[in-house]
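Listed below are the residues making up each chain.
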Amino acid sequence: MPRRSYDQYCSAARALDTVGERWTLLIVRELLAGPRRYTDLHADLPGVSTDVLAARLKEMERDALVTRRRLPPPGAAYVYELTARGRGLLPVLTALAEWGAPALSERRPTDAVRAHWSAIPLLGLLRRHDGTLEVRLPEGTFHLRLGPDAPSYADGPAEHPDAWLALADGTALALEQGRLSLAEAIKTGDAEVGGDTPLAAALRDG
């Protein structure tokens, strides 16, 4: 089907022509953590139908945001991954997360949650640090690759983290909303930093 357009000669309108459809930026959020199989994407996007997800992925391939490739044996499954243009949306999602943080109040019974959904806001908050940081939340674990060169994140523990950060329930949101600093969270016991590295020391210093 032909893509709908705002038909406006404006860079913001052109961007929204590409990423303004429902679910597109959330698919980017998932793929920023690395290549994913279709079934994994569907599992971490509660509420999206299989038809809509398949359609969005095809559109994103057409727009050169995503590529699809087959894993070598024994995996032999297809995975989707972001192109360089797709990865370039990280600052966009970071800005959206910062803008949307005040709208997050108490979690509703219908709200799904995944640990790695806190990764993008924390990447923004910790952007001045450098190294691999494993983040442990009550919902699960992910890790951040911090630094000036293409910061990124991935689901699950890091193989050799420079430090780890454990956050109590609700602390990630409090940090994201600016209601609590990391130094304050460490002092109150809502956050704990592990490791004997420059990154761990810098985090403890706030």
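Residues numbered from 1 in each chain as written. Predicted model: local features only at pLDDT ≥ 70, side-chain atom pairs only at ≥ 80, totals over all residues. Heavy atoms only, no water.

Per the counting criterion, the structure on display carries 13 salt bridges. Notably, a salt bridge pairs arginine 114 with aspartate 44, separated by 2.8 Å at the nearest N-O pair. Highlighted residues: arginine 114 in the loop between α6 (90-100) and α7 (119-125) and aspartate 44 in the loop between α3 (38-43) and α4 (50-62), separated in sequence by 70 residues. In this structure, glutamate 98 and arginine 127 form a salt bridge, with 3.0 Å as the shortest nitrogen-oxygen distance. With glutamate 98 in helix α6 and arginine 127 in the loop between α7 and β3 (131-137), this residue pair connects regions lying 29 residues apart in the sequence. Through salt bridges with shared partners, a single network forms among Arg29, Glu30, Arg36, Asp44 and Arg114. (Salt bridge = Lys/Arg side-chain N within 4 Å of Asp/Glu carboxyl O. Helix = DSSP H or I, 4+ residues; strand = E, 2+ residues; numbered from the N terminus.)

Turning next to the side chain of histidine 143. Looking at the element boundaries, histidine 143 is found in strand β4 (residues 140-146). For histidine 143, the side chain forms a polar contact with the side chain of arginine 145, separated by 3.5 Å. Leave out the neighbours within four places in its chain, and histidine 143 touches Thr132, Leu133, Glu134, Val135, Ser152, Tyr153, Ala154, Asp155, Gly156, Pro157 and Ala158. (Polar contact = N/O pair within 3.5 Å; in protein donor to acceptor, adjacent residues only side chain to side chain. Contact = heavy atoms within 4.5 Å.)

Attention now goes to the packing of aromatic side chains. Taken as a whole and assessed by the stated rule, the structure comprises zero aromatic pairs. Looking at arginine 68, its charged tip hangs above the ring of tyrosine 78, at a distance of 3.8 Å from the centre. Positioned over the ring face of tryptophan 164 is arginine 136, at 4.3 Å from the centre of the ring. (Phe/Tyr/Trp six-rings, centres within 6.5 Å; stacked < 30°, edge-to-face > 60°. Lys NZ or Arg CZ within 6 Å of the ring centre and 35° of its normal.)

Right, let's get into unusual backbone geometry. The omega torsion across proline 73 and proline 74 is 5°, close enough to zero to call that bond cis. Here proline 74 lies in the loop between β1 (66-70) and β2 (78-82). Even without being a glycine, aspartate 7 presents a positive backbone phi close to 55°. Along the chain, the position of aspartate 7 falls in the segment before α1 (11-19). Residue class for aspartate 7 comes out exposed when judged on its relative accessible area of 67%. Of note, alanine 64 is a non-glycine position whose phi angle comes to about 65°, a positive value. One can find alanine 64 in the loop between α4 and β1. (Buried < 20%, exposed > 50% of the residue type's maximum accessible area, 1.4 Å probe, protein only.)

Moving on: the layout of surface pockets. The calculated volume of the largest pocket comes to roughly 1,500 Å³. Around the largest pocket sit 41 residues that line it, and Arg29, Leu104, Ala112, Trp117 and Glu176 are the ones nearest its centre. Listed by contribution, the elements that provide at least two residues to the lining of the largest pocket are α2 (24-31), α6, α7 and α8 (171-176). If one sorts the elements of the lining of the largest pocket by residue count, α6 sits on top with five residues. Residues that form the lining of the largest pocket fall into these classes: 23 nonpolar, seven polar and 11 charged. Estimated volume of the second largest pocket: approximately 430 Å³. Lining the second largest pocket are 20 residues, with Leu32, Leu90, Ala150, Pro151 and Ser152 positioned closest to its centre. Breaking the lining of the second largest pocket down by element, the ones donating at least two residues are β2, α6, α7, β4 and β5 (152-155). (1 Å grid on protein atoms, 1.4 Å probe; cavity = no way out; pocket = protein on both sides within 12 Å on 5 of 7 lines; lining within 4 Å. Points joined across faces, edges and corners; volume = space filled by probe spheres on them. Nonpolar A, V, L, I, M, F, W, Y, C, P; charged D, E, K, R; others polar.)

What follows is about α4. Between its terminal C-alpha atoms α4 stretches 18 Å, which fits the 18 Å expected from 13 residues at 1.5 Å a residue. Check the buried side of α4 and you find it contacts α2, α3, β1 and β2. Alanine 64 lies just past α4 and shows a positive phi near 65°. (Expected span 1.5 Å × (residues − 1).)

What follows covers the nonpolar core. In globular proteins that are soluble, nonpolar side chains generally tend to be buried together. Among the nonpolar cores identified, the biggest contains 49 residues, and Leu32, Leu133, Phe142, Leu144, Tyr153, Leu167 and Leu203 are the most heavily contacted of them. Once residues lying within four places of it in the same chain are set aside, the contact partners of tyrosine 153 are Arg29, Glu30, Leu32, Ala33, His116, Ala119, Ile120, Leu123, His143, Leu144 and Arg145. (Core = buried A, V, L, I, M, F, W, Y, C linked by side-chain atoms within 4.5 Å.)

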